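Below, each chain spelled out in residue letters.
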Amino acid sequence: MRTTSHAGDCTHRGLWILLRKFYKPGGVLFRVTCGVVARRTPGLLIDWPASREAAALQLCLRESRDMSISQKALETLQKRREAVLTAGKEKVAQRHAKGQLTARERLGLLFQEGTFQEVGTHIQHTCTHFGMTGKEIPADGVVVGTGFVDGRQVAAVSQDFNVVAGTLGKMHAQKIVQAMQYAQRMGIPVVAIKDSGGARIQEGVDALSGYGQVFYQNVILSGVVPQIAVILGPCAGGASYSPALMDFIIMARQNAQMFITGPQVIKAVTGRECTMDEIGSAEMHATVSGNVHVVADDDKHALQLAKQLLGYLPSNNTHDPPHKPWPELDLSDDPAMNTIVPDDPKAPMDVKEIIARLVDHGEYFEIHAGFARNIVVCFARIQGIVVGIIANQSMEQAGCLDCDSSDKGARFIRFCNVFNIPVVNLVDVPGFLPGIEQERGGIIRHGAKMLFAYASATVPKLTIILRKAYGGSYLAMCSPEMGADVVYAWPTAEIAVMGAEGAVNLLYGKELKDAEDKRAKTAELVQDYRDNFASPYLSAARGYVTDIIEPAQTRAFLALALRKSMNKRELRPLKKHGNIPL
């Protein structure tokens, strides 16, 4: 047998490297070494020298045609895949009649067409009890994979209520966890579409363990990648804790419920009757419990909202938000802003009108719109820069901070901080809401969350004092002492330890008692207090205010200050984490 001593003698070296293996097409064994092709059949060995390598290659390719995959194997794959893709098809019409989509249809709306790649399509359950042996559960009741949303990769989980009610078992949970772990490695957001009857009772403790693994992974991902839960069906019992551990919950107004114990259990344990709407509806959670951040009209709307929300968020905590900075800053005034502020400092002022004039095209994405309405939190862009806005709403409870608004604001601030989103604060706060219910409800503890959130945040923090900024609530809305990088005040701002009326009653009690015209004397002293002790010029003179600006200048000042703060770096003492007053 002729051999070649050096691989360089081969005229098609890359080809020989490729073919330097054993092939067995149609019972004929080929061995290829540098320069020699040997064809071996039983009892026969034929060698070709390197000069005839082209002929050998032709023979190899001709006889290897029989190596193509069998049609039977392809048909088996297609049959198995079709069984998974069409699972529960007999229930599709019924769901559509209720205004609901299937698990796969939902993912189709979330992702750009053709970009979804499924994971764990052929997963099977492992349960052998209660008649489960050999029972087919396509994809184990959950569709998992990745795709692109506006050009960015996102991991998604969509529970399939058409398959054993989307109940969670061991392998179902494993698929969810694997998707979340992939999201962690790739640094991509997670969207979890919840539509499940809860734990798969037949799997017992395996199902319980599955929930624990999902919860643990939710916590691992917290502050690493954004997590959005979309509730489009039942989400009951322990299943509701996974959404609660995620960053945002979007819930459909119809066909969706979220609760720990249902009406029947509540009646059995407490004797009190209630409806599902009272304990588990989107409306209740969005306005009373505060569990739901955004309410959607239906499945399609919910997924549109999820995509819109993702448009303001970075893929992970090492990335900046998806800023779209304007090539040139527009530093012109907005004269209409000067007309929004009422002359009477006690008159309510709709802060949403101010937000709409500050942000690009008047567009912003509000979070918790129906909960704790005395504070407004939202995402927006100011000349292309993504910001989180926290604003007191004097149309509700005069803009006072209470237990719920403090929780709402603090959580939003902390989300912005972990995902590098600058914070803009619009201050018009007369104080913390007084009352027995507030004191007994823990207003001290809840209010401290605002202080903690602002002080621990290292993102750019820009504060605009519109009108009132009294007492501890002034500090709780990000004063310079709490780390604000710039503080601008309108000429209408009042910055003081307390409101003028309250201060006058405490400071001038004797004078008011002896005054012939108590009302006139009170008005005189109140105005004097405002001019001399609550004036923004006094705070500016002490260095507590960066500058006093016209309302018309606000957008330009914010846009410029944001651009200058994008490189902010602030280091803190090393520690595991702070101990926020929960």
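The structure presented is a predicted model; accordingly, all values stated were derived computationally and were not measured.

**Topic: the overall build of the protein**
Okay, so step 1: The number of helices and strands found in the protein is 22 helices and 21 strands.
Okay, so step 2: Of the contacts made within the protein by residues no fewer than 6 positions apart, 71% connect residues no fewer than 24 positions apart.
Okay, so step 3: Total accessible area on the protein is roughly 28600 Å²; 54% of this is exposed by carbon and sulfur atoms.

**Topic: the pattern of salt bridges**
Okay, so step 1: Across all of its chains, the model carries 21 salt bridges by this definition.
Okay, so step 2: Of the charged contacts in the structure, one is a salt bridge between aspartate 299 and arginine 106, with a shortest N-O distance of 2.9 Å. Of the two residues, aspartate 299 sits in helix 12 (residues 299-310) while arginine 106 sits in helix 5 (residues 103-110), which places them 193 residues apart along the sequence. The residues aspartate 299 and arginine 106 share a single accessibility class, namely buried.
Okay, so step 3: Taking the shortest distance from any N to any O, the salt bridge between lysine 346 and glutamate 501 comes out at 3.6 Å. One end of the pair, lysine 346, is in the loop between helix 12 and helix 13 (351-358); the other, glutamate 501, is in helix 18 (residues 500-507), with 155 residues separating them in the sequence.
Okay, so step 4: By relative accessible area, which is 60% here, lysine 346 ends up exposed.
Okay, so step 5: Look at the salt bridges and you will find they share partners, linking Arg95, Arg106, Asp195 and Asp299 into a network.

**Side note on the packing of aromatic side chains**
Okay, so step 1: Per the counting criterion, the structure on display carries 12 aromatic pairs.
Okay, so step 2: Ring geometry for phenylalanine 379 against phenylalanine 415: centres 6.0 Å apart, planes inclined by 70 degrees, an arrangement best described as edge-to-face. With phenylalanine 379 in strand 15 (residues 375-382) and phenylalanine 415 in helix 14 (residues 403-418), this pair connects stretches of sequence that are 36 residues apart.
Okay, so step 3: What makes phenylalanine 415 buried here is its relative accessible area of 7%.
Okay, so step 4: What links up through ring pairs into an aromatic cluster is the set Phe248, Tyr312, Phe365, Phe379, Phe412, Phe415 and Phe419.

**A closer look at the pairing of strand 16 (residues 385-392)**
Okay, so step 1: Extensive coverage of strand 16 is indicated by the burial of 8 of its 8 residues.
Okay, so step 2: Neither face of strand 16 is exposed, since Ile385, Val387, Ile389 and Ala391 on one face and Val386, Gly388, Ile390 and Asn392 on the opposite face are all buried.
Okay, so step 3: Hairpin connection of strand 15 to strand 16: 2 residues between the antiparallel strands, including glutamine 383 at a positive phi of 50 degrees.

**A few points about the nonpolar core**
Okay, so step 1: Leu313, Ile367, Phe379, Ile390, Tyr454 and Ile465 are the most contacted members of the largest nonpolar core, which totals 93 residues.
Okay, so step 2: Excluding residues that lie within four positions of it along the chain, isoleucine 390 makes contacts with Ile375, Val376, Val377, Phe412, Ile413, Val423, Val424, Asn425, Leu426, Tyr454 and Met477.

**Examining the environment of threonine 275**
Okay, so step 1: Of note, threonine 275 is situated in the loop between helix 9 (263-270) and helix 10 (276-280).
Okay, so step 2: With a relative accessible area of 41%, threonine 275 lands in the partly exposed category.
Okay, so step 3: Considering only alpha carbons, one finds threonine 275 and glutamine 264, 11 residues apart in sequence, at a separation of 9.3 Å.

**What about the packing of helix 5 against helix 12?**
The relative placement of two packed helices is expressed as an angle between their axes plus a distance between the axes.
Okay, so step 1: Viewed as axis vectors pointing N to C, helix 5 and helix 12 meet at an angle of 40 degrees, and their least axial separation amounts to 9 Å. Classed by the angle they form, the pair helix 5 and helix 12 counts as oblique. Crossing geometry of helix 5 relative to helix 12 is assigned as right-handed. Taken together, the residues of helix 12 that come into contact with helix 5 (itself represented by Arg106, Leu109 and Leu110) are Asp299, Lys300, Leu303 and Lys307.
Okay, so step 2: Looking at the contact of helix 5 with helix 12 residue by residue, the classes come out as 3 nonpolar, no polar and 4 charged.

**Thoughts on helix 7 (residues 205-221)**
Okay, so step 1: Here helix 7 contains 17 residues, and its C-alpha end-to-end distance of 24 Å stays within 8% of the 24 Å for a straight helix at 1.5 Å per residue.
Okay, so step 2: At its buried positions, helix 7 is contacted by helix 6 (170-186), strand 8 (190-194), strand 9 (227-231) and helix 8 (241-245).
Okay, so step 3: Looking one or two residues beyond helix 7, the residue adopting positive phi is glycine 223, at roughly 80 degrees.

**Quick look at the sheet that holds strand 5 (residues 117-119)**
Note on sheets: strands pair through backbone hydrogen bonds, and any given pair is parallel or antiparallel.
Okay, so step 1: Here 7 strands make up an open sheet; going across it, the order is 5-6-7-8-9-11-13 and the pairing mixed. Because the sheet does not close on itself, it has two edges, and the strands there are strand 5 and strand 13 (294-296). Pairs of neighbouring strands in the sheet enclose a mean axial angle of 20 degrees, with direction left out of account.
Okay, so step 2: Summarising the sheet, strand 9 and strand 11 (residues 248-252) pair through 4 bridges and their orientation is parallel. Counterpart to valine 230 in the pairing with strand 11 is isoleucine 250.
Okay, so step 3: Together, strand 5, strand 6 (142-149), strand 7 (152-159) and strand 8 form the strand contacts of helix 5, whose direction differs from that of strand 7 by roughly 160 degrees.

**Topic: the environment of glutamate 113**
Okay, so step 1: Considering the arrangement of structural elements, one finds glutamate 113 in the loop between helix 5 and strand 5.
Okay, so step 2: Assessed through its relative accessible area of 80%, glutamate 113 is described here as exposed.
Okay, so step 3: Between the alpha carbons of glutamate 113 and valine 149 there is a distance of 9.6 Å; along the sequence they are 36 residues apart.

**Quick word on the pairing of strand 15**
Okay, so step 1: Burial analysis of strand 15 places 8 of its 8 residues in the buried class, which makes it a mostly covered element.
Okay, so step 2: Of the two faces of strand 15, the one carrying Ile375, Val377, Phe379 and Arg381 and the one carrying Val376, Cys378, Ala380 and Ile382 are both buried.
Okay, so step 3: Taken together, the 4 bridges between strand 14 (residues 364-367) and strand 15 define a ladder with antiparallel strand orientation. Across the sheet, residue tyrosine 364 finds its bridge partner in strand 15, namely alanine 380.
Okay, so step 4: The sheet contact formed by strand 15 and strand 16 spans 8 bridges and is antiparallel. Opposite valine 376, over in strand 16, you have alanine 391 as the bridge partner.

Rules used in this analysis
Residues numbered from 1 in each chain as written. Predicted model: local features only at pLDDT ≥ 70, side-chain atom pairs only at ≥ 80, totals over all residues. Heavy atoms only, no water. Helix = DSSP H or I, 4+ residues; strand = E, 2+ residues; numbered from the N terminus. Contact = heavy atoms within 4.5 Å. Areas by Shrake-Rupley, 256 points an atom, 1.4 Å probe, with all protein chains shown as cover. Salt bridge = Lys/Arg side-chain N within 4 Å of Asp/Glu carboxyl O. Buried < 20%, exposed > 50% of the residue type's maximum accessible area, 1.4 Å probe, protein only. Phe/Tyr/Trp six-rings, centres within 6.5 Å; stacked < 30°, edge-to-face > 60°. Pairing = 2+ DSSP bridges. Core = buried A, V, L, I, M, F, W, Y, C linked by side-chain atoms within 4.5 Å. Axes fitted to C-alpha atoms, helices over the stretch in contact; angles between N-to-C directions. Parallel < 35°, antiparallel > 145°, perpendicular 65-115°, else oblique. Left-handed = near helix turned anticlockwise from the far one by under 90°. Nonpolar A, V, L, I, M, F, W, Y, C, P; charged D, E, K, R; others polar. Expected span 1.5 Å × (residues − 1).

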